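Each chain, written out:
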Amino acid sequence: MRTPNTRSRVFGVDRVLDGLSRVVIPKDMMRELRWSAGDTIRVRIVEDGVLLTLPATTCHFCYKEIVEEHPLEIDGRGICRPCAKAVAEGLLVTHGR
């Protein structure tokens, strides 16, 4: 189970693509992201580049593994059904419904 990252920092490196268009992600970045060799990484083209993320297999709020067949996903972030329900109920209370 992945735990929330309490540090917020931005850093980067320049890497050269090899002959097969691959790039190596440095170990310190892998550690910071809590990624491991063998993890599936989602690759998406975004407005100004490429975005690498883990697929929505853990809940963005509680960090528990999502086991539903069709998980809820917002902006590439998975949300388990109990957290989605809690968010929806909180929005209803906030907006007076």
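Everything below is about the structure printed above this text.
Notes on the structure in this doc start here. (Residues numbered from 1 in each chain as written. Predicted model: local features only at pLDDT ≥ 70, side-chain atom pairs only at ≥ 80, totals over all residues. Heavy atoms only, no water.)

1. Quick look at the overall build of the protein chain
Defined as follows: Each helix corresponds to a stretch of at least 4 residues labelled H or I by DSSP, and each strand to a stretch of at least 2 residues labelled E; elements are numbered beginning at the N terminus. The classification of residues rests on relative accessible area computed with a 1.4 Å probe and restricted to protein chains. Under 20% of the type maximum is buried, over 50% is exposed, and intermediate values are partly exposed. Throughout, a contact is declared for two residues whenever any of their heavy atoms are within 4.5 Å.
Broken down by element type, the protein chain carries two helices and four strands. For the protein chain, the succession of helices and strands along the chain, N to C, is α-β-β-β-β-α. Per-residue burial over the protein chain gives 15% buried out of 97 residues. If you take every contact in the protein chain between residues at least 6 apart in sequence, the share linking residues at least 24 apart comes to 23%.

2. Comments concerning a nonpolar patch on the surface
Stated formally: The patches described consist of residues with a relative accessible area above 30% and no salt bridge, like charges being joined within 9 Å and nonpolar side chains (Val, Leu, Ile, Met, Phe, Trp, Tyr) within 5 Å. Only the protein chains shown count as covering a residue, and every accessible area follows the Shrake-Rupley method with a 1.4 Å probe. We count a salt bridge whenever a side-chain nitrogen from Lys or Arg sits within 4 Å of a carboxyl oxygen from Asp or Glu.
A surface patch of nonpolar side chains, amounting to about 420 Å² of accessible area, comprises Val43, Ile45, Val50 and Leu52. For the nonpolar patch, the elements supplying multiple residues, two or more each, are β1 (42-46) and β2 (49-53). By relative accessible area, which is 34% here, Leu52 ends up partly exposed.

3. Overview of the pattern of salt bridges
Summed over all chains, the structure comprises two salt bridges. One salt bridge connects Asp18 with Arg22, and the closest N-O pair in it is separated by 2.8 Å. Since its relative accessible area comes to 32%, Asp18 is described here as partly exposed. With its nearest N and O atoms 2.7 Å apart, the salt bridge here joins Arg42 to Glu73. Taken together, the residues Arg42 in strand β1 and Glu73 in strand β3 (residues 72-74) connect sequence positions 31 residues apart. In this structure Arg42 comes out as partly exposed when scored by relative accessible area, which is 25%.

4. Remarks on the environment of Ile41
Inspection of the secondary structure puts Ile41 in the loop between α1 (27-33) and β1. In the structure, Ile41 is positioned 13 residues away from Leu54 in sequence and 4.8 Å away in space, judged by C-alpha atoms. If we ignore the near neighbours within four places in the chain, the residues touching Ile41 are Trp35, Leu52, Thr53, Leu54 and Pro55.

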